[in-house]
Structures are given as C-alpha cells and as structure tokens.
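Commentary on secondary and tertiary structure
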Amino acid sequence: MAGSIIVARGLSRRYGSIVALDGVDLNIAEGTVYALLGPNGAGKTTLINLLTTLMLPHAGSAQIAGYDVVRQAAQVRRLIGVTFQELILDRDLTGRQVLDIHARLYRLSPALRRQRITELIALVQLEEAIDRQVKGYSGGMQRRLELARGLMTEPQVLFLDEPTQGLDPQNRHAIWEYLQVLKRERGLTLLLTTHYMEEAEALADVVGIIDHGRMVVEGSPAALIGELGADVVRIVGSGDTAAFLEHMRAMPYIGSITHDLEPGAIMFGVEHGTRRLAEIIAQAHRNGFTISDIEVRRPTLGEVFLKHTGVTLRS
Amino acid sequence: MYATLTIWSKHMTKFFHNYEELGGLLMQPILWVAIFGVGMSALIGRVEGSDYLNFMLPGILALTALGGAVGGGMILLEERLRGIIKEYLVAPIPRLSILLGNAASTVTKALFQAGIILVVGALFGARPSGDLIGWLGALLALVLFTLGFAGLALAVASRSRSIMGYHGLIFLFNLPLLFASNALYPLAQLPGWIRLIALVNPTTYLIDILRALAFQGSATLPLLFSFAMLLLFAVAGMSLALVGFRRAIA
C-alpha cells in the first residue's frame, strides 16, 4: 500500500510455550494516529517491542518506512522515537541532561540539541522544572519529560506504550493535548497502546483491537462504533437470561448482543433505540427476565471492545 | 565510539551528582589507609625491606579497583532492572558501546580513587617512588586489572535478576581475591596451597607490578609475564561480559 509507514505481515512471537503474538498484520499510513487497544497480556507491548527492534520476531516480518526491523534495525532505530510503559528516566539527572544525553546518542549537534530542548520543554510545559533533578518530578512531569525525549530526534514514527498510564485526568488530558498538537502541526505518525477508551476516542484515526495475540478488528472509531448499530440498549436485571437472549437473537431489529458478565449487563445494538424500548421490555417480561435498570445511549468504543473481546476495559 | 563517550559522560555526570556514591568512594580508601594501614604498619614495621604502608598500598589500590568494578556492574544492573537500557537499545548505537561506556566509566572512577589513595597514603607517610615510565606502567596495570574485573562484574550484572543476587555472587569473588593474594603478605611467606591460588589470582600480578614500578619494592615475578597475565585477564573478563550481555539483550 502506498504511503504506509508501518507494515507488518504475520508478526509472531512466543515466550516459551506461550504465544504472545500470533500472526499480526498492520498497514499504517503516514500521519496516522493508530491506537492499539487490548486487555492486559493481549500482546500490545510485544508488538511494540518487535516494531521498535527490541525483540526479534519468531515469524513474520515488519517494515518501518521501508526498512526491515530485523535486517535493517539500525536504520529503523534512526527513524523512531519510543516511550515505554514504565517510566524510564535517570532520576539523578536533570530534565535537561536527560534530553541532551538522549539526543547525543543520536548524534545531534549541540546547537540543534539546544534548540529542540527549548522547543520541546515549551510544548510539554516543563520550562521551570527542566534544570531540576528528575527525582523531584511528579509522575505527570516525568511522563511529559519522556514524551519530550521521544520527540528530541524528530522521529518519523513515535511509539507510545501506555503514555498516560497512572496519570490523573488532568495530566492525561495535558498529554492528549500535546499529542493533538503534534498530529496537527507535524503530521507525525503515532502508534500508541492504551487501555483507556477515551484516549483512543480522543486521539486515534484508526483503532486496532488486539486480543490473545491476534488483531480482532481494525477501523476508525466511528466505523467500529457504527457497526454496533445506531443505539445501544443496556439492560441490567435477573432471571432466565439464556431464554431471554435466545429469544432476542431471533428479533430482526437486534443488530448485536453483548453480554458483560461482571455487572450482569446486556447490551443490544439497535436502530432507533427509543422506539424499540417498549418491545424489549415486553420481551424480557415474557421470558421471565426482570429488568432492574435500562438505558438507551449512543454506543462507545468500550462496547465495541466488549463485543470483540468479551471483556470490559475499566479506566 | 561517540556513543561510548556519551554513556561514559552520563555515568560521570551522575557520579559527580550523587554525593552518597562520591562520599562512599572517597571514604573507603581513606579508611583503609588510615585505619587498617596505619594499624598494621605499627604492628609489622617492615616487609621485604619496605615500609608496611608502602607494602600494602598496592593492595588497597587493588581492593579499591575491585570495589570500583563491583560498582560499575551495579550501574549496568540498575540500568537493566530499571529499564534504562531500553533507551540505548532502541537508539542507533552499537550494542557494544553500552558495555564499553560502562567499562570506561568504571575504570575512570577506579583511577580517580587510586589518586585519592596515593594522596592519603602520602599523608600517612607512604613514599611511592619510580620514574615516569614506571608510573605509566603501573597505570596500565591498574587499568587492565580494573577492566578484567569490570568484565566479570558486568557479566554477572547482565544475568542477575536482583541486586541481592548480584551482590551474593560478587561477594564470592571479592574478598577471597584479596586475601588469597600477595596483597597483605609477601608471596614467599604463604603456604604452598595458598600460593598456588595466589598465582592464578590476577590481583597477585597487579600488586607485584605496582610494588616493583611504583612502591620501592622488587618484582617477585617476571614483569612482562605479569603484564601478559593482566592483559589476558582483561581480555577474558571483557569477553565474558560481552557474551553475558549479548545473551541478556537477545
């Protein structure tokens, strides 16, 4: 595909007998923000490790900007920026030293390093703290510093593994804002993993849901949500669930049924949810299912995720 | 080369910012000279025609280099356990530079400490001697020795899963190497079996060279042979480190 900057074919990786990644294909166009969603252990980090040359695949291949991640790892490394799931910072260095040393590893000239540091600390709003030691930074500041570090070398592709994990909503929104600026102003290609649905919805052009090492579904958030039907009717209740669902499956107006076991909620994807409400309630009553709560709403990416993986991601 | 230099300079920056590490490294040799050295020389007086403090300063230099090597391994271990090594691994730098940068900073710190020991030793009455060539030779010997042990420490640090595990393993070869050598007593006075151990112990060769070239002593082993042994040791240590490190990042 023309314009694809990340391409993967049948990418697989095992750990001993555990298959972490099982034949994943990717085709990500330049300038795309791609969010990889998946439960813990789904293979998200493994996929990032393979694409960023940290690990070798056991099968399949991948290219970044046309360079093979195995055979041309050195070229790939020159083009990418990465931030990892855990905070990886030298706590005894100042923020400025962290950025400067990182850029020296990529052989940037002193003048360019100074210029980029000035630009980036303005972007991530660390001007005041930049000459203090990292150990005095809050979690949010450390994440922002890491983001700046990932951008120091002006990568063509930026990989962010759980970029807002463990951050409070305020810091999370700040990171989203920086990423949106980057997307708008630089057309940076971004591959991020997350288990925050709002994060994927706020940032991503394309979402890929990955589970048990396989790509389950891929598409724009709007298209994925659209597949569920225009509305979701969510019911919580008790009774003969099996008979009720059996019956509902036969109804022509039901687009999809997902069942979230933990709170015992059932979601029906339907067109014109409000119009079908009375009918659904009647069907429940007829099948011995007592409704304790019911609502009609627009479907979310969370429901898309539930439909494809059978589990809920909780933020 | 440039990446090695960058990693080296980063470690040195951290070193001079970390007052605990700096203070520890400064105090350790001072305590050895001031307490152990002065005490022992009051007890022993002269060994092999030289003042005991002069006799044992090379041993303290060796011990300090050992300590430095252990510290160098710790830095790699910490970078590994805390994931900092991933920053290097996704950067366009040779894998070897990670190891070389670490070995270089380890040797630099050891030489820095050696300088302090000499100053402290001189303050307490030791009289190092020797000409420029002799001192350069002594310096070379100390660098080779530190590289060898830094290699061993880095090899262990490449594999250890915890700081405790690392120290357990390191302890196994730290003190015995000092005691089973000519560091604290002359080779000739050792019983046969310890002398045998001492002769496969690189510490013995370093100390013999240092005594002969810089501390008014005479070589009990052929100098060139001692240098060859240290070179062999340095190469072997760094090779082990390379093998261990390659496995760790694969």
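Presented here is a report on the structure given in the accompanying data block. Owing to the predicted nature of the structure, the values given are computational and were not obtained by experimental measurement.

**Considering the packing of helix H2 (residues 19-44) of chain B against helix H5 (residues 95-123) of chain B**
Each packed pair of helices is defined by two parameters, the angle between the axes and the distance between the axes. All names here are of chain B. Two numbers describe how H2 lies on H5: the axes approach to 9 Å, and their chain directions differ by 40°. The angle between H2 and H5 places the two elements in the oblique class. The interaxial crossing formed by H2 with H5 has right-handed handedness. Facing Glu21, Leu22, Leu25, Leu26, Gln28, Pro29, Ile30 and Val33 of H2, the residues of H5 in contact are Lys109, Phe112, Gln113, Ile116, Ile117, Val120 and Gly121. Partitioned by chemical class, the residues of the contact of H2 with H5 number ten nonpolar, three polar and two charged.

**Regarding the interface of chain A and chain B**
Contacts between the two partners involve 26 residues from chain A, matched on the other side by 24 residues from chain B. Where chain A abuts chain B, roughly 2300 Å² becomes buried across the two surfaces, and 59% of that area is made up of carbon and sulfur atoms. Our enumeration of links across chain A and chain B arrives at four salt bridges. Across the pair Asp90 of chain A and Lys14 of chain B runs a salt bridge, and its minimum N-O distance is 2.5 Å.

**Some words on the side chain of Ser181 of chain B**
Residues and elements named next belong to chain B. Among the secondary structure elements, Ser181 is positioned in the loop between helix H7 (163-179) and helix H8 (192-199). A distance of 3.0 Å separates a polar side-chain atom of Ser181 from the backbone nitrogen of Ala183. The contact partners of Ser181, leaving out residues within four places of it in the chain, are Leu190, Ala198, Asn201, Thr203, Thr204 and Ile207.

**Some words on the sheet that holds strand E14 (residues 289-297) of chain A**
All names here are of chain A. A sheet is described by the order of its strands in space; here four strands give the open sequence E12-E13-E11-E14, paired in antiparallel fashion. The open sheet has two free edges, formed respectively by strand E12 (254-260) and E14, since each of these has just one partner strand. Averaged over neighbouring strand pairs, the angle between their axes works out to 20° when direction is ignored. Where E12 meets strand E13 (residues 265-270), six bridges bridge the pair, whose relative direction is antiparallel.

**Details of the pattern of salt bridges**
This model, assessed by the stated rule, comprises 20 salt bridges over all chains. Asp90 of chain A is the salt-bridge partner of Lys10 of chain B, the closest N and O atoms lying 2.5 Å from each other. Of this pair, Lys10 of chain B sits in helix H1 (residues 2-17) while Asp90 of chain A sits in the loop between strand E6 (80-83) and helix H3 (95-105), on two different chains. Judged by relative accessible area, Lys10 of chain B falls into the buried class, the value being 2%. With a shortest N-O distance of 2.8 Å, Arg96 of chain A and Asp131 of chain A are connected by a salt bridge. Of the two residues, Arg96 of chain A is situated in helix H3 and Asp131 of chain A in the loop between helix H4 (110-123) and helix H5 (139-151); the sequence distance between them amounts to 35 residues. A relative accessible area of 32% means that Arg96 of chain A is categorised as partly exposed.

Criteria and cut-off values
Residues numbered from 1 in each chain as written. Chains lettered and ligands numbered in written order. Predicted model: local features only at pLDDT ≥ 70, side-chain atom pairs only at ≥ 80, totals over all residues. Heavy atoms only, no water. Axes fitted to C-alpha atoms, helices over the stretch in contact; angles between N-to-C directions. Helix = DSSP H or I, 4+ residues; strand = E, 2+ residues; numbered from the N terminus. Parallel < 35°, antiparallel > 145°, perpendicular 65-115°, else oblique. Left-handed = near helix turned anticlockwise from the far one by under 90°. Contact = heavy atoms within 4.5 Å. Nonpolar A, V, L, I, M, F, W, Y, C, P; charged D, E, K, R; others polar. Buried area = accessible area lost by both parts, 1.4 Å probe. Salt bridge = Lys/Arg side-chain N within 4 Å of Asp/Glu carboxyl O. Polar contact = N/O pair within 3.5 Å; in protein donor to acceptor, adjacent residues only side chain to side chain. Pairing = 2+ DSSP bridges. Buried < 20%, exposed > 50% of the residue type's maximum accessible area, 1.4 Å probe, protein only.

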